[in-house]
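Structural overview for review
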Amino acid sequence: MTESNPTPTATTEPKIRVRGLKKSFGDNEVLKGIDVEIQSGEVVCVIGPSGSGKSTFLRCLNRLEDITGGSVVVDNFDVSDKKIDIDRVRQHIGMVFQHFNLFPHMTAIENVMLGPVQTKRATKEEARATAVRLLDQVGLAEKADAKPASLSGGQKQRVAIARALAMNPDIMLFDEATSALDPEMVGEVLQVLRDLAKGGMTMVVVTHEMGFAREVADRVIFMADGYVVEEGTPEQIFGSPREARTQDFLNKVL
Ligand code: ADP
Ligand code: MG
């Protein structure tokens, strides 16, 4: 645990505890009472039809969306409490989206260095050393000085992952990180996620990659219509889903 962690984690507490989470946009109730607990080091894949609230759920975990009801507690820190310093919580939660949003005028390594330098968590030299290590970790050591425009989609997404890791998060959230990629680039990005999972990172992964979920997830959550319809091990969810909604979804995507 790093010294800047906002609160110590009691070993018995889940890393993330979501209770009765509701989220509405105007009259549209998108999350209708979500209860989820995620343990430290766990890899949880979230699957479900488009529009079921998967992205909204993920965004509530670091309060990119204001929570309408219920609670989200991360490392004993009540994210739903308006009074907390949310930026300090967010610094421990890395997020990777479908679209990489790299700064186009900056090189790969400059993109990775930016967060730690801007937040004064590291000197430029320290940030550079970390960025070199992280670019190597995602297989892009030789692309450090390349601008995003000269990188493939898979490479850009790997830079985006390195950029998130540069803040030394202990939770990583992925929202369809491979959905915008050409098929031949999906594998290289999933390999980075696989390595992270092996390294013990706590991960919540919204994905359409059922093969990945089956192989890497400790637990799979199936969402539909703003509810967690079913959760279980990959063997259970993919092998013998209990709920008709889950079976129906899997029949369509597998
Ligand atoms: P998923 O990621 O499962 O496809 P989302 O969480 O993106 O689902 O969206 C769930 C629902 O919430 C959709 O009906 C979507 O239109 C709505 N929604 C998401 N974000 C917003 C927003 N910022 N404003 C209004 N409605 C939103
Ligand atoms: Mg989504």
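Description of the structure in this document. Quick caveat: nothing in here was measured; it's all calculated off a predicted structure. (Residues numbered from 1 in each chain as written. Chains lettered and ligands numbered in written order. Predicted model: local features only at pLDDT ≥ 70, side-chain atom pairs only at ≥ 80, totals over all residues. Heavy atoms only, no water.)

**Some points on the nonpolar core**
Among the nonpolar cores identified, the biggest contains 54 residues, and Ile47, Ile161, Met172, Phe174 and Met203 are the most heavily contacted of them. Per-element tally for this core: the top contributor is helix α6 (residues 183-198), with eight residues. Those residues in contact with Ile161, other than ones at most four positions away along the chain, are Val96, Met172, Phe174, Val189, Val192, Leu193 and Leu196. (Core = buried A, V, L, I, M, F, W, Y, C linked by side-chain atoms within 4.5 Å. Buried < 20%, exposed > 50% of the residue type's maximum accessible area, 1.4 Å probe, protein only. Helix = DSSP H or I, 4+ residues; strand = E, 2+ residues; numbered from the N terminus. Contact = heavy atoms within 4.5 Å.)

**As for the site of ligand 1**
Taken together, Phe25, Asn28, Val30, Pro49, Ser50, Gly51, Ser52, Gly53, Lys54, Ser55 and Thr56 make up the full set of residues adjacent to ligand 1. One of the backbone N or O atoms of Gly51 is found 2.7 Å from an oxygen atom in ligand 1. Elements supplying a minimum of two residues to the shell around ligand 1: β2 (28-38) and α1 (54-61). Per element, the largest residue contribution to the shell around ligand 1 is three residues, and it comes from α1. (Near = heavy atom within 4 Å. Polar contact = N/O pair within 3.5 Å; in protein donor to acceptor, adjacent residues only side chain to side chain.)

**So, the sheet that holds strand β5 (residues 77-78)**
Ordered by their spatial adjacency, four strands build an open sheet running β2-β1-β4-β5, and the pairing between neighbours is antiparallel. Of all strands in the sheet, those bounded by a partner on one side alone are β2 and β5. Alignment of strand β1 (residues 16-25) against β2, held across eight bridges, turns out to be antiparallel. Counterpart to Val18 in the pairing with β2 is Val36. Sitting on the sheet, α1 touches β1, β2 and β4 (69-74), and the angle it makes with β1 is about 120°. (Pairing = 2+ DSSP bridges. Axes fitted to C-alpha atoms, helices over the stretch in contact; angles between N-to-C directions.)

**Some thoughts on α6**
For α6, spanning 16 residues, the distance from its first C-alpha to its last is 24 Å, which sits close to the expected 22 Å at 1.5 Å a residue. Regarding α6, the residues found buried are Met185, Val186, Val189, Leu190, Val192, Leu193, Arg194, Leu196 and Ala197. Where α6 is buried, its residues touch β3 (43-47), α4 (124-137), α5 (153-165), β7 (171-175), β8 (202-206) and α7 (210-216). Just downstream of α6, Gly200 is the residue with a positive phi angle, here 95°. (Expected span 1.5 Å × (residues − 1).)

**Description of the packing of α4 against α5**
Packing of α4 against α5 brings their axes to within 9 Å, and their N-to-C directions diverge by 135°. It follows that α4 is oblique to α5 by the angle criterion. When the axes of α4 and α5 are compared, the crossing they make is right-handed. Along the contact surface, α4 presents Leu134, Leu135 and Gln137, while α5 presents Val159, Ala162 and Leu165. In terms of residue class, the contact of α4 with α5 is made up of five nonpolar, one polar and no charged. (Parallel < 35°, antiparallel > 145°, perpendicular 65-115°, else oblique. Left-handed = near helix turned anticlockwise from the far one by under 90°. Nonpolar A, V, L, I, M, F, W, Y, C, P; charged D, E, K, R; others polar.)

**Notes on the sheet that holds β7**
The mixed open sheet is built from six strands, whose spatial order is β6-β7-β8-β3-β9-β10. With partners counted over all chains shown, the strands left at the sheet margins are β6 (93-96) and β10 (227-232), one partner each. Within this sheet the neighbouring strands show an average axis-to-axis angle of 15°, counted without direction. In this structure, β3 lies alongside β8, joined through four bridges in parallel fashion. What sits directly across from Cys45, in β8, is Val205.

**Thoughts on the pairing of strand β9 (residues 219-224)**
The two faces of the sheet receive side chains in turn, since in a regular strand these alternate between them. Judged by how many residues are buried, β9 sits mostly within the fold: six of six residues are covered. Where burial is concerned, the two faces of β9 agree: the one with Arg219, Ile221 and Met223 and the one with Val220, Phe222 and Ala224 are both buried. Examined bridge by bridge, β3 and β9 share four bridges and lie parallel to one another. In the sheet register, Val46 faces β9, and the bridge partner there is Ile221. Pairing between β9 and β10: five bridges, direction antiparallel. Looking at β10, one finds that Phe222 is bridged to Glu230. Adjacent in sequence and paired antiparallel, β9 and β10 are bridged by two residues, among which Asp225 carries a positive phi angle near 55°.

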